[in-house]
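Single-letter residue listing:
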Amino acid sequence: MNKISLIIISISLGCPVGMTGQLIVPAETRPMKVEAPANTGLDGGIYVLPATAGVRITYKSDAPVSWQRFSNLGAAYAEEIGDVSHDGREWGIVLDGGDIGIVATTGGVSHYYWFVDYASHRLELDGLGIASEQDCDRTSLVPYGSGDRIQYYTINGRSEVLSREIKIEYTSLVYNSDSGSYQPSPTTVSIPYLQETISVEAPLCDTEFHMSGDRFTSYWNEEQQVTSEQWHARAVSAETTAIQTERDVPNEQKDTEAQLGGSAPCEITFTAAVSDAAVFREWQISSDPEFGIVDYRYNELEIEHTFREQGTSYVRFIADNAEGSCEFVGPTYEIFIGESALRCPNAFTPFTSPGVNDEWRVSYKSLIDFECHIFNRWGTELFNTTDPSIGWDGKYGGKYVPAGTYYYVIRAEGSDGKKYKLSGDINIIGYHGGNNSVTEE
């Protein structure tokens, strides 16, 4: 006697202790079970068979089992199935073919199933084309073949779609922050059934599209696959960064509210990484947030720009493909340069308290031009600088000058166009000279 393999599903029926039920679907029919969402009421699940006609299913139970079938009207309109076979604890019926809902009731408890006749929905993949009309962000594919939507019905008669999980695979690019560049990345999209056109996210590199499936033929080792012709990327993407060169200058006034900018001159490096199709590339700098007038244009991916004028500047990166059909516009960076300021101290204490007030430094912000000269009472120039961050340490010729009064003259210009002409006294206090000092002439 030949042994028949069976698929046995054990289900607790809420019957008295010790009483259980088992739905049995012959394994040679190659059933694939799919769990149904809880809100469908199909607690027994969905069974997809290559063909349902003539398939005998049984229910093993200690109590008699009654069978009903239902369609798109739901289980409330289920009809009794009269032709039920009985062999010991097994109660069986034969499916007529087609998609059908089944109710098995024993011990006063009902369980609900949906059977899919895959022969009525067989997937046939004959080819995969690319539509002539395309968007920048989405690529439209045209499948050839058949693979309609597979519908099933809940116990309340609500229509649902059982996804075929047809796969579309291709290569795109993904930005890698570690390398600062776009890297190839495999992309997979799952669709529930074939449509006239299928829209996927546009790949950022040249690639082929592979369509395979569905999950039922894959389960039965009968998966099909088709491949498109080579697709040439037209979509454009970019990632941009802006990094400001920080100055560790204690006497420069900071603007803590500005994310970029602050005190001029402000140096910022702008960097862009682009996808393959980005042929036209440009950094734009403007004083107009709408970029109606562009003050500076740079074609490099990385630029350094120094902001010297008071006010707000706007910077963005744009890119386009060779056809000029898919423009990318990056985020706008705002760079704010504050008003200038300049204040001069009138005293300091070199040498007497190392590290504390031992240099004469101006306090400043947003100075784009600076010149400072320091003299003694006889007009001898002791110190000069064009960098406002540099201070005078009270030395002349490598030795500390005596305590007393000295004089500064400053000419400067701010980022806001303000001109500074300052002069005044500098008092060196708390130091009385020594072996490392010089005497006044």
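Parameters and conventions
What you see as residue numbers is a count from 1 along each chain, following the sequence as written. Residues qualify for local features only when their pLDDT is at least 70, as the model is predicted, and side-chain atom pairs are given and counted only at 80 or more; totals for whole chains, interfaces and linings, by contrast, use all residues. With hydrogens and water set aside, each side-chain value is computed from the structure's full complement of heavy atoms. Two cysteine sulfur atoms make up a disulfide if the distance between them is within 2.5 Å. Helix and strand definitions here come from DSSP, where helices need a minimum of 4 consecutive H or I residues and strands a minimum of 2 consecutive E residues; each element is numbered from the N-terminal end. Here's how the labels work: a residue is buried when its accessible area is under 20% of the maximum for its type, exposed when over 50%, partly exposed in between, all with a 1.4 Å probe on protein chains only. Paired strands are those between which DSSP finds at least two bridges. Every residue pair with non-hydrogen atoms within 4.5 Å of one another is taken to be in contact. For the purposes of these results, a polar contact is taken to be a pair of N or O atoms within 3.5 Å, where, inside protein, one atom must be able to donate a hydrogen and its partner to accept one; residues adjacent in sequence count only when each atom of the pair is a side-chain atom. Side-chain atoms within 4.5 Å are what join buried Ala, Val, Leu, Ile, Met, Phe, Trp, Tyr and Cys residues into a set we call a nonpolar core. The term salt bridge refers to a pairing of a side-chain nitrogen on Lys or Arg with a carboxyl oxygen on Asp or Glu at a separation within 4 Å.

S.K.: Break down the state of the cysteines for me, with residues and values.
M.R.: In the structure shown here, the tally under the stated rule is one disulfide. Across the disulfide from Cys 136 sits Cys 326; the S-S distance is 2.1 Å. The disulfide joining Cys 136 to Cys 326 has a torsion of about -90 degrees about its S-S bond and is therefore left-handed. Of this pair, Cys 136 sits in the loop between strand S12 (124-130) and strand S13 (138-146) while Cys 326 sits in the loop between strand S27 (311-320) and strand S28 (328-329), and the two are 190 residues apart along the sequence. On the basis of relative accessible area, Cys 136 is assigned to the partly exposed category, the value being 24%. Relative accessible area serves as the criterion here: at 1%, Cys 326 is assigned to the buried category. Unpaired in terms of disulfides, Cys 205 finds its nearest cysteine sulfur in Cys 326, a separation of 15 Å. With no disulfide of its own, Cys 372 lies closest to Cys 344 among cysteine sulfurs, the gap being 7.2 Å. For Cys 372, a relative accessible area of 1% corresponds to the buried category.

S.K.: Break down the pairing of S13 for me, with residues and values.
M.R.: Here six bridges tie S12 to S13, and the two strands are oriented antiparallel to one another. Opposite Leu 128, over in S13, you have Pro 143 as the bridge partner. Inspection of the sheet shows S13 paired to strand S18 (residues 198-201) by four bridges, in the antiparallel sense. Residue Leu 141 lies in a different strand from S18, and its bridge partner there is Ile 198.

S.K.: Before we move on, could you go through the environment of Asp 320 and cite the residues and values that matter?
M.R.: With respect to the helices and strands, Asp 320 occurs in strand S27. Between the alpha carbons of Asp 320 and Ala 278 there is a distance of 5.3 Å; along the sequence they are 42 residues apart. For Asp 320, the contacting residues outside a window of four places in its chain are Val 236, Ala 277, Ala 278, Val 279, Phe 280, Ser 325, Cys 326 and Glu 327. A polar contact is formed between the side chain of Asp 320 and the backbone nitrogen of Glu 327, at a distance of 3.4 Å.

S.K.: Could you give an account of the side chain of Ser 366, naming the residues involved and the relevant values?
M.R.: Within the element layout of this structure, Ser 366 appears in the loop between strand S32 (363-365) and strand S33 (367-375). A polar atom in the side chain of Ser 366 sits 3.0 Å from the backbone nitrogen of Ala 264. Not counting chain neighbours up to four residues away, the residues in contact with Ser 366 comprise Gly 262, Ser 263, Ala 264, Ile 337, Gly 338, Glu 339, Ser 340, Glu 413, Gly 414 and Ser 415.

S.K.: Break down the pairing of strand S20 (residues 224-227) for me, citing the residues and quoting the values.
M.R.: Residues Gln 224 and Val 226 line the buried face of S20, whereas the alternating positions Gln 225 and Thr 227 sit on a face that is not buried. In this sheet, S20 lies alongside strand S19 (residues 210-213) in antiparallel orientation, the contact comprising four bridges. Across the sheet, Ser 212 pairs through a bridge with Gln 225, a residue of S20.

S.K.: Residue-level account of the nonpolar core, with values.
M.R.: One finds Ile 46, Leu 162, Ile 168, Phe 209, Met 211 and Phe 216 to be the most contacted residues of the largest nonpolar core, which totals 35 residues. Of all the secondary structure elements, the ones that give two or more residues to this core are strand S3 (32-34), strand S4 (46-49), strand S11 (109-117), S12, strand S14 (150-153), strand S16 (166-176) and S18. Grouped together as the second largest cluster of nonpolar side chains are 23 residues, Ala 233, Val 236, Phe 307 and Ile 337 included.

S.K.: Could you give an account of the pattern of salt bridges, naming the residues involved and the relevant values?
M.R.: Going through the model one piece at a time under the given rule, you end up with 16 salt bridges. A salt bridge links Glu 160 to Arg 158; the nearest nitrogen and oxygen atoms lie 2.7 Å apart. Within this structure, Arg 30, Arg 122, Glu 124 and Glu 222 form a network of salt bridges that share partners.

S.K.: Give a description of unusual backbone geometry that names residues and reports values.
M.R.: Cis peptide bonds are those with omega within 30 degrees of zero, and the linkage from Gly 213 to Asp 214 qualifies with -10 degrees. Position of Asp 214 relative to the elements: it lies in the loop between S19 and helix H1 (215-219). Following Ala 264, the chain continues into Pro 265 via a peptide bond in cis, with omega recorded as -5 degrees. Note that Pro 265 resides in the loop between strand S22 (261-262) and strand S23 (266-274). Positive phi outside glycine occurs at Arg 30, with the angle close to 55 degrees. Tracing the chain through its elements places Arg 30 in the loop between strand S2 (21-26) and S3. Arg 30 gets classed as partly exposed once you look at its relative accessible area, which sits at 34%. Of note, Phe 291 is a non-glycine position whose phi angle comes to about 55 degrees, a positive value. Following the sequence through the fold, Phe 291 ends up in the loop between strand S24 (280-286) and strand S25 (296-298). Note on Phe 291: relative accessible area 7%, which makes it buried.

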